[in-house]
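# Architecture and fold: a report
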Amino acid sequence: MSFRIFDNIRVVLVATTHAGNIGAAARAMKGMGHRRLYLVNPKTFPCAEATARAAGADDVLAGAQVFGSLAEALAGCGLVIGTSARRRSLPWPMLDPVACARRVIQEAEIGEVALVFGRERTGLTNEELDLCNSVVRIPADPAFNSLNVAAAVQIITYEVMRTAYGNDPMETGPRENTPLATAEQMAQFYEHLERLMIKIEFFDPDKPRRLMRRLKRLFNRVQPDQNEINILRGILASAEKAVRKRRN
Ligand code: SAH
């Protein structure tokens, strides 16, 4: 199964001390459809303990990339989201996990996104947080708010998955083999739709009122695949034919 927009999302673990946590994080993210694991200065990696804790997510571990600094791991990224258990003295823009997931999905549709997780004992440094656009804090008992890093990965990737695909990813989400409609196919579809809407006098090109833009926004949100866009084109063609017949 392929969670297409997640191809643009990387999970970055900074200076993880316990190799077991790297494995557990790989397992956590794979369950939520994420595969891109970036490691910044892991203490030990690769490592049997990581593989053991990955429990079947060893493909994610095998594909993990290792970097010497967070900045390098963020190359090519637009949106960078840090995570922290603490409220910091200097306020970074804080998001809750749901708001974070919305931002991530929005952005992943057009560019690269990083979710950054810190060291077990001390989290992310302020210099590392300076590289982040926003920081997410998972709400927890204030007296015991520091989660295991893999647990934090689980929660954040879970929210991203739910925001992208709802409660049942099999139903609403990933298609197995059909590629998304291309930009060209979408442009042809919009032209066709516009033509028909003019014919049936739903759309007056002299008073456009942002109708096409709104419709484009709607279809961009849905990301139709090639089969789906063919069905829609078929409906438009039949509707055109019906209109023509009626007018003859
Ligand atoms: N004292 C550290 C705790 C580190 S826990 C701190 O303030 O961040 C290790 C990592 O797990 C953190 O760097 C963060 O990436 C993640 N994490 C743990 N608890 C979290 C929480 N409540 N909200 C968001 N991220 C959390």
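Residues numbered from 1 in each chain as written. Predicted model: local features only at pLDDT ≥ 70, side-chain atom pairs only at ≥ 80, totals over all residues. Heavy atoms only, no water.

Of the regular secondary structure elements, the chain holds eleven helices and seven strands. Computed over the C-alpha atoms, the radius of gyration of the chain is 22 Å, more than 25% above the 18 Å expected from 2.2 N^0.38 for a compact globule of 248 residues. Here the chain holds 248 residues, and 42% of them are scored as buried. Of the roughly 14,100 Å² of accessible surface on the chain, 51% is carried by carbon and sulfur atoms. One way to put it: in the chain the 34 positive side-chain charges average out to a point 5 Å from where the 27 negative ones average out. (Helix = DSSP H or I, 4+ residues; strand = E, 2+ residues; numbered from the N terminus. Rg over C-alpha atoms; globule rule 2.2 N^0.38 Å. Buried < 20%, exposed > 50% of the residue type's maximum accessible area, 1.4 Å probe, protein only. Areas by Shrake-Rupley, 256 points an atom, 1.4 Å probe, with all protein chains shown as cover. Lys, Arg positive; Asp, Glu negative; His and termini not counted. Charge placed at Lys NZ, Arg CZ, Asp CG, Glu CD.)

A word on the domain arrangement of the chain. Along its sequence, the chain is organised into domain 1 (3-164) and domain 2 (183-247). For domain 1 and domain 2, the distance between their C-alpha centroids amounts to 40 Å. (Domains from an automatic or database assignment.)

Moving on to the packing of helix α1 (residues 19-31) against helix α7 (residues 149-165). Put simply, α1 and α7 touch, their axes get as near as 8 Å, and they point 15° apart. Taken together, the axes of α1 and α7 lie roughly parallel to each other. Taken as a pair, α1 and α7 cross one another with a handedness that is right-handed. Across the interface between the two elements, Asn21, Ala24, Ala25, Ala28, Met29 and Gly31 of α1 pack against Val149, Ala150, Val153, Gln154, Thr157 and Met161 of α7. A class-by-class count of the residues in the contact of α1 with α7 yields eight nonpolar, four polar and no charged. (Axes fitted to C-alpha atoms, helices over the stretch in contact; angles between N-to-C directions. Parallel < 35°, antiparallel > 145°, perpendicular 65-115°, else oblique. Left-handed = near helix turned anticlockwise from the far one by under 90°. Contact = heavy atoms within 4.5 Å. Nonpolar A, V, L, I, M, F, W, Y, C, P; charged D, E, K, R; others polar.)

Further remarks concern the site of the ligand. With respect to spatial proximity, 19 residues lie near the ligand, and among them Thr83, Arg86, Ile138, Asn145 and Leu147 are the closest. At 3.3 Å, a backbone N or O of Ser84 approaches a nitrogen atom of the ligand. Take Asn145: an N or O atom from its main chain is 2.9 Å from a nitrogen atom of the ligand. Contact with the protein chains hides 95% of the accessible area of the ligand, taken as 530 Å² for the molecule alone. (Near = heavy atom within 4 Å. Polar contact = N/O pair within 3.5 Å; in protein donor to acceptor, adjacent residues only side chain to side chain.)

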